[in-house]
Amino acid sequence: MIISGKELSARLKAEMAEQVKTFPAKYGRVPHLVVILVGDNPASVSYVTGKAKASAEVGIRNTTIRRPESISEAELLGLIAELNADPEVDGILVQLPLPKHIDESKVIEAIDQAKDVDGFHPLNVAALWQKQPCTLPCTPKGIIKMLKAAGVEIAGKRAVVIGRSNIVGLPVSKLLLDANATVTMAHSRTRNLAEVTRQAEILVVAIGRPKFVTADMVSEGTVVIDVGVNRDPETGKLCGDVDFAAIEPKASVITPVPGGVGPMTICCLMENTIECFLRSR
Ligand code: NAP
């Protein structure tokens, strides 16, 4: 079974659009997401465009603020302070990565926790690890939604997550643990990685290496979630961290790239924006 993040996200966005339609009558306006784009990195421009398109589909007001690569850290922090203070702004997202002269942690910490739609603020991260209500990071949240939509029972399963980044590997491990999986976190220093991954009943791969996970690393019937977004060095096309063609026949459930985790990430950003809006009502 191939889980189409594209189809699932289209369905969820249509449901959100119905909900957002009722907001002007109830609350006087729709949610407002502000996305800050620094510089013109083509990948970032494309992500920001995707976020604006999804906002339009859901009926969320979207403002994209573009600033040149040369913006100082102080200017960027000043802009965030203005948006924090603006009662007409519900969500603030600073597209990463930022230029090297700007400290990303300082920027993330500057965003009001209540408007942190990415779920990257340290207070949201702490709340996640303490099982307190919080804004969940979009990619891990989307992965859990995909597993549920595919009818995958997580409780009691052996889950292996390759990658331990703050935005994917660590939080998705925590969400799987909260759903009662037995979680192994693997990374670049893991010995005998294939032995570890062959134990997985659910395998989440978030490393950023094209087709790194090969068929011999996966057991029959495994649920495979491919987070990677890479260019295939041979074809130049987008591909995941998993060798999809070789693994799809063995996997019970698998996500494609493109059209898998990526659309669900944007869908969850929309959901987080609505949640921030509703929490502040
Ligand atoms: P990251 O911050 O670069 O982290 C990569 C992780 O992979 C690290 O923990 C690293 O281990 C591990 N790793 C690297 N090489 C490895 C190897 N040979 N064996 C085992 N582990 C290895 O990456 P990220 O931000 O999590 O992103 C990962 C991928 O997901 C990228 O392709 C990114 O574009 C994609 N992504 C997609 C979405 C989406 O919505 N679809 C969202 C976010 C990210 P160490 O910690 O030991 O260095």
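Shown above is the structure to which this text applies.
Owing to the predicted nature of the structure, the values given are computational and were not obtained by experimental measurement.

Reading guide: rules and limits
- Residues numbered from 1 in each chain as written.
- Predicted model: local features only at pLDDT ≥ 70, side-chain atom pairs only at ≥ 80, totals over all residues.
- Heavy atoms only, no water.
- Near = heavy atom within 4 Å.
- Polar contact = N/O pair within 3.5 Å; in protein donor to acceptor, adjacent residues only side chain to side chain.
- 1 Å grid on protein atoms, 1.4 Å probe; cavity = no way out; pocket = protein on both sides within 12 Å on 5 of 7 lines; lining within 4 Å.
- Sits in = over half its atoms within 2 Å of the grid points.
- Helix = DSSP H or I, 4+ residues; strand = E, 2+ residues; numbered from the N terminus.
- Buried < 20%, exposed > 50% of the residue type's maximum accessible area, 1.4 Å probe, protein only.
- Pairing = 2+ DSSP bridges.
- Salt bridge = Lys/Arg side-chain N within 4 Å of Asp/Glu carboxyl O.

### Regarding the site of the ligand
No. 1: Residues in contact with the ligand amount to 21 residues; listed here are only the nearest, R164, S165, S188, R209 and T265.
No. 2: Contacts to the ligand include R164, whose side-chain N or O atom sits 2.7 Å from an oxygen atom.
No. 3: Here a nitrogen atom of the ligand and a side-chain polar atom of R209 are 2.9 Å apart.
No. 4: Comparing atom positions with the cavity grids shows the ligand to sit within the largest pocket.
No. 5: With three residues, the single largest contributor to the shell around the ligand is helix α11 (residues 261-279).

### Quick look at the pairing of strand β6 (residues 202-205)
No. 1: Residues I202 and V204 line one face of β6 and the alternating positions L203 and V205 line the opposite face, and both faces are buried.
No. 2: Sheet analysis places strand β4 (residues 158-162) next to β6, joined by four bridges and oriented parallel. Bridged to I162 within β6 is V205.
No. 3: Pairing between β6 and strand β7 (residues 223-226): four bridges, direction parallel. Bridge pairing links V205 to D226 in β7.

### Describing the pattern of salt bridges
No. 1: Applying the stated criterion across every chain yields a total of 13 salt bridges.
No. 2: Ionic pairing is found between K211 and D232, a salt bridge with its closest N-O pair at 2.8 Å. Here K211, found in the loop between β6 and β7, pairs with D232, found in the loop between β8 (230-231) and β9 (238-239); they are 21 residues apart in sequence, far enough to count as distant.
No. 3: Given a relative accessible area of 7%, D232 falls into the buried group.
No. 4: Three or more residues are tied together by salt bridges with common partners; here these are K141, K145, E271, E275 and R279.

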